[in-house]
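Geometric and topological summary
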Amino acid sequence: MKVFITRIIAETGLKKLREAGLELMIWEEKKELPQEQLIQFCKESNALLSAGYNKIDAHFLKECSHLKVIALHSVGFDNVDILEADRLKIPIGNTPGILSGPTADVAFLLMLSVSRKAFYLHDKIKKGEWKFFEPTANLGINLYGKTLGIFGLGSIGFEMAKRCVGAYNMNVIYHNRNKNSLAEKELNARMVSFEQLLNESDIISVHSNLTTETIGIFNKEVFEKMKPTSIFINTARGAIHNEEDLINALRTGTIWGAGLDVTNPEPMKWDNPLLSLPNAAVLPHIGSATLETRDGMADMAAQNIIAGLKGEKIPFPVNPGIYKE
Ligand code: DGY
């Protein structure tokens with residue numbers, strides 16, 4: 001049986017697949033795989049392991065309805081048309097849990113960096129602009145005792161809140177579709193309306209999925225409702241904020257700062273204004289990029305492929321409904 005893999009992934013996953021007797025076809029080029037080429041490769045394969053930005057949309061799924069399983073090398077599945085996969089009864093697998101802590105670490109890193117303007121000030125040293133000590137220059141803001149607002153409190157948001165409570169004794173509020181009882185019990189988190197989240201938070205950290213409800217939700221009108229001293233963090237998906245509105249909010253002091261691990265598009269262009277604003281910090285989508293996490297993600301994706309090709313229920317399904325009846 002053949003597996004098509006859209007990126008070189010950690011050897012743990014590749015080894016597991018080879019040891020299961022599978023033949024691997026890997027796209028090794030460091031450029032995006034055109035969608036039509038992906039379809040051609042998948043037509044010659046029994047399973048797809050997808051890492052990166054390819055769209056698993058209705059067109060792809062109809063063309064490749066023979067695939068026995070599609071394993072994502074991510075927890076996010078916003079690039080997949082799940083309704084169509086359900087209709088075609090194709091199991092879609094993801095990598096939940098393993099990247100929650102590391103992604104929260106990046107949200108925390110960005111929050112702290114923005115609060116002390118770390119990226120911007122580091123750049124100033126490199127440009128030879130550290131010349132004189134001024135007691136009133138380079139000032140940041142303290143985080144101790146502030147209010148953290150989590151937009152989308154799932155397992156990554158929980159990890160971020162845990163870090164903020166532990167390090168800075170922050171108050172946690174959150175806006176979610178469902179109540180998160182664990183966060184309420186362990187972190188004293190309080191569920192609030194979206195309006196309250198905007199009005200009361202000193203830091204807003206986005207951890208929701210990208211859906212039709214969340215796309216572009218952080219726009220001009222929303223930034224205007226946030227405190228002028230607040231920090232906006234997004235480590236979820238770049239399309240959840242409107243980039244032009246965010247740049248304006250940072251330029252006009254509508255909010256204090258922003259830290260992004262995700263942009264729209266990705267990769268971001270080198271001359272994007274966000275990279276030179278003193279109150280923004282941007283990273284290249286490294287939430288899950290640790291050796292241990294990427295090993296684990298490759299292993300989970302391999303487990304999904306192996307089970308799917310055997311016709312067994314995959315261990316980490318996004319659409320478990322296909323197994324009912
Ligand atoms: C995910 O897994 O969805 C993260 O964004 C990692 O890339």
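Each remark here, short or long, concerns the structure printed above.
Sequence order as written defines residue numbering, which begins from 1 separately in each chain. Residue-level local features of this predicted model are given only where pLDDT is at least 70; pairs of side-chain atoms are given and counted only at 80 or more, and the full residue set underlies all totals for whole chains, interfaces and linings. The side-chain numbers reported here are obtained from all heavy atoms of the structure, hydrogens and water having been left aside.

Attention now moves to the side chain of serine 288. Under the DSSP-based scheme used, a helix requires at least four consecutive residues in state H or I and a strand at least two consecutive residues in state E, with every element numbered from the N terminus. As for its position among the elements, serine 288 is in the loop between strand S12 (280–282) and helix H12 (291–309). Each polar contact in these results corresponds to two N or O atoms within 3.5 Å; when the atoms are within protein, one needs to be able to donate a hydrogen and the other to accept it, and residues that are neighboring in sequence are counted only if both atoms are side-chain atoms. A polar side-chain atom of serine 288 sits 2.9 Å from a polar atom in the side chain of arginine 294. Ignoring any residue separated from it by four or fewer positions in sequence, one finds serine 288 in contact with Leu99, Thr103, Thr293, Arg294 and Met297. Contact between two residues is taken to exist if any of their heavy atoms lie within 4.5 Å; hydrogens are not considered.

Okay, the site of the ligand next. In the neighbourhood of the ligand, the contacting residues comprise Ser74, Val75, Gly76, Leu99, Arg237, His285 and Ser288. Between an oxygen atom of the ligand and a main-chain N or O atom of valine 75, the distance comes to 2.6 Å. The protein chains hide 83% of the 230 Å² of surface that the ligand would expose on its own. In the shell around the ligand, the residues fall into two nonpolar, four polar and one charged. Proximity is defined per residue: any heavy atom of the residue falling within 4 Å of a molecule or strand makes that residue near it. Where accessible areas are quoted, they stem from the Shrake-Rupley method and a 1.4 Å probe; at the residue level, only the protein chains shown are allowed to cover. Residues are grouped as follows: Ala, Val, Leu, Ile, Met, Phe, Trp, Tyr, Cys and Pro are nonpolar; Asp, Glu, Lys and Arg are charged; all remaining types, including Gly, are polar.

Following DSSP output, two strands are said to pair if at least two bridges run between them. The parallel open sheet is built from seven strands, whose spatial order is S8-S7-S6-S9-S10-S11-S12. Across the chains shown, the open sheet's two edge strands, defined by having one partner strand only, are strand S8 (190–191) and S12. Two elements, strand S9 (residues 203–206) and strand S10 (residues 231–234), share four bridges in a ladder whose sense is parallel. When the sheet's bridge partners are listed, isoleucine 203 is paired in S10 with isoleucine 231.

Next up on the list: helix H11 (residues 243–251). By the burial criterion, the buried members of H11 are Asp245, Leu246, Ile247, Ala249 and Leu250. Packed against the buried residues of H11 are helix H10 (220–225), S10, strand S11 (257–260) and S12. Where H11 begins, the capping side chain belongs to asparagine 242, and its oxygen is found 3.1 Å from the backbone nitrogen of glutamate 244. The buried label goes to any residue with under 20% of its type's maximum accessible area, the exposed label to any with over 50%, and the partly exposed label to all in between, with areas taken from a 1.4 Å probe on protein chains only.

The next thing to look at is unusual backbone geometry. The step from asparagine 264 to proline 265 runs through a cis peptide bond, and the omega angle for that step is 10°. Topologically, proline 265 is positioned in the loop between S11 and S12. Glutamate 266 connects to proline 267 through a cis peptide bond whose omega is -5°. On the secondary structure map, proline 267 appears in the loop between S11 and S12. At asparagine 138, a position not held by glycine, the phi torsion is positive, near 60°. The exposure class assigned to asparagine 138 is partly exposed, which follows from its relative accessible area of 47%. Even without glycine at this site, asparagine 188 takes up a positive phi of about 60°. Examined against the element boundaries, asparagine 188 turns out to sit in the loop between helix H8 (181–187) and S8.

Let us look at the packing of aromatic side chains. For any pair of aromatic rings, geometry is given as the distance between the ring centres together with the angle between the planes. Any two of the Phe, Tyr and Trp rings considered here, Trp counted by its six-membered ring, make a pair once their centres fall within 6.5 Å; the pair's planes then place it as stacked at under 30 degrees, edge-to-face at over 60, or tilted in between. Counted according to the given criterion, the structure contains nine aromatic pairs. Taken together, a centroid distance of 6.0 Å and an interplanar angle of 15° make the contact between phenylalanine 108 and tyrosine 168 stacked. Of the two residues, phenylalanine 108 sits in helix H5 (residues 100–115) while tyrosine 168 sits in helix H7 (residues 155–168), which places them 60 residues apart along the sequence. Note on accessibility: phenylalanine 108 and tyrosine 168 belong to one class, buried. Ring centres of phenylalanine 218 and phenylalanine 223 lie 6.4 Å apart, and the angle between their planes is 40°; on these two criteria the pair is classed as tilted. For the pair phenylalanine 218 and phenylalanine 223, a shared accessibility class is recorded, and that class is buried. What links up through ring pairs into an aromatic cluster is the set Phe151, Phe194, Phe218, Phe223 and Phe232.

This paragraph deals with helix H2 (residues 35–43). Those residues of H2 lying buried are Leu38, Ile39 and Cys42. Down the axis of H2, the buried side of the element spans an arc of 100°, and every buried residue falls inside it. Among the structural elements, strand S1 (2–5), strand S3 (47–50) and helix H3 (58–63) are those in contact with the buried residues of H2. Our arc is simply the arc of the directions from the helix axis toward the C-beta atoms.

Read from one edge to the other, the open sheet built from five strands follows the order S2-S1-S3-S4-S5, with strand pairing classed as parallel. Two strands lie at the open edges of the sheet, namely strand S2 (23–26) and strand S5 (92–93), each paired on one side alone. With three bridges joining them, S1 and S3 adopt parallel strand pairing. Residue pairing across strands places phenylalanine 4 opposite leucine 48, the latter belonging to S3. For helices, the fitted axis covers only the stretch in contact; all axes are lines through C-alpha atoms, and the angles between them, taken along N-to-C directions, range from 0 to 180 degrees. Across the sheet, helix H1 (residues 11–19) lies against S1, S2 and S3, angled at about 145° from S2, the strand it touches most. Contacting S1, S3, strand S4 (69–72) and S5, H12 runs over the sheet at an angle of about 175° to S4.

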